[in-house]
Amino acid sequence: MRDFSHRVATEADIPAISALMEDAITALQSAFLSDAEVAASRLSMGLDTQLIADRTYFVVEESGALAGCGGWSYRATLFGGDASAVARDARTLDPATDAARIRAMYTHPGFIRSGVGRLVLALCEDAARVAGFRQLEMMATLAGEPLYRACGYVEIERVARMAPAGPPVPGVRMGKTLG
């Protein structure tokens, strides 16, 4: 069993998170997407600093190395980052009627299949539950879909194009009811 620690991300983590995201997009999406689609995926992925400002974004480390990151949100935006072509919506969600969002989950390629994704997902689910949410939604990449299915998420809809520009990059909107 690996010895991971976790904490809420701060603004000081942004450079390391950005580098991890770039490594993960490049290495982990290539089994599911063409080179052009991997390049275009950056139009719908990336760092959303609103999550860090809201203190709903986590980092997972092992011996000081950043192993993964991800967060949840009480805002309406389903996916996309600061530099993405996807429209963002900072409107706050109502836990009684809306689903919290699972957002921007990335695992460093050197830590895949070591429990990092499950740990981040559990942290997000627990925090959303404490905030009063009973439903969760996300826009999953094809690379992330198997993990989310294994963690109880179900497909809501498949989308052929996550971003309005560039080559089409597919995604899967998924959801889960918290027990």
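Procedures and definitions
- Residues numbered from 1 in each chain as written.
- Predicted model: local features only at pLDDT ≥ 70, side-chain atom pairs only at ≥ 80, totals over all residues.
- Heavy atoms only, no water.
- Helix = DSSP H or I, 4+ residues; strand = E, 2+ residues; numbered from the N terminus.
- Buried < 20%, exposed > 50% of the residue type's maximum accessible area, 1.4 Å probe, protein only.
- Polar contact = N/O pair within 3.5 Å; in protein donor to acceptor, adjacent residues only side chain to side chain.
- Contact = heavy atoms within 4.5 Å.
- Pairing = 2+ DSSP bridges.
- Axes fitted to C-alpha atoms, helices over the stretch in contact; angles between N-to-C directions.
- 1 Å grid on protein atoms, 1.4 Å probe; cavity = no way out; pocket = protein on both sides within 12 Å on 5 of 7 lines; lining within 4 Å.
- Points joined across faces, edges and corners; volume = space filled by probe spheres on them.
- Nonpolar A, V, L, I, M, F, W, Y, C, P; charged D, E, K, R; others polar.
- Right-handed = clockwise from strand over helix to strand, strands pointing away.

A few points about the side chain of Thr 77
Here's step 1: Its place among the elements puts Thr 77 in the loop between strand S3 (65-73) and strand S4 (100-107).
Here's step 2: Using a relative accessible area of 7% as the deciding quantity, one classes Thr 77 as buried.
Here's step 3: Among the polar contacts listed, one links the side chain of Thr 77 to the backbone nitrogen of Asp 89, at a separation of 2.6 Å.
Here's step 4: When sequence neighbours within four positions are dropped, the list of residues in contact with Thr 77 reads Arg 88, Asp 89, Ala 90, Arg 101 and Arg 103.

Looking at the sheet that holds strand S5 (residues 135-140)
Here's step 1: Judged by pairing direction, the sheet is mixed, and its seven strands sit side by side in the order S1-S2-S3-S4-S5-S7-S6 without closing on themselves. Pairing within the sheet leaves two strands with one partner each, and these edge strands are strand S1 (5-8) and strand S6 (154-159). Ignoring strand direction, the axes of neighbouring strands in this sheet form an average angle of 25°.
Here's step 2: Those strands touched by helix H1 (residues 14-28) are strand S2 (57-62), S3 and S4, and its axis lies near 80° from that of S4.
Here's step 3: Lying on the sheet, helix H4 (residues 116-130) is in contact with S1, S2, S3, S4, S5 and strand S7 (171-177); it crosses S3 at an angle near 30°.

Observations concerning the layout of surface pockets
Here's step 1: Taken as a whole, the largest pocket encloses approximately 870 Å³ of empty space.
Here's step 2: Around the largest pocket, the lining comprises 39 residues; the ones closest to its centre are Met 105, Thr 141, Ala 143, Gly 144 and Tyr 148.
Here's step 3: Looking at the lining of the largest pocket, the elements with two or more residues in it are H1, S4, H4, S5 and helix H5 (145-150).
Here's step 4: Take the lining of the largest pocket: its biggest share by element is six residues, from S4.
Here's step 5: Per-class residue counts for the lining of the largest pocket are 24 nonpolar, twelve polar and three charged.

Considering the environment of Ser 41
Here's step 1: For Ser 41, the location among the structural elements is in helix H2 (residues 35-41).
Here's step 2: The exposure class assigned to Ser 41 is buried, which follows from its relative accessible area of 0%.
Here's step 3: Measuring from C-alpha to C-alpha, the distance between Ser 41 and Ala 127 comes to 28 Å, with 86 residues separating the pair along the chain.
Here's step 4: Setting aside anything within four residues of it in sequence, one finds Ser 41 in contact with Ile 25, Leu 33 and Val 169.
Here's step 5: Side-chain polar atoms of Ser 41 contact the backbone oxygen of Val 38, separated by 2.5 Å.

A look at the pairing of S4
Here's step 1: In terms of residue burial, S4 counts as a mostly covered element, since eight of its eight residues are buried.
Here's step 2: The pairing of S3 with S4 spans five bridges and is classified as antiparallel. Residue Trp 72 lies in a different strand from S4, and its bridge partner there is Ile 102.
Here's step 3: Where S4 and S5 come together, two bridges link them in parallel fashion. Directly across from Ala 100, in S5, lies its bridge partner Leu 136.
Here's step 4: For the crossover that starts at S4, traverses H4 and ends in the parallel S5, the hand is right-handed.

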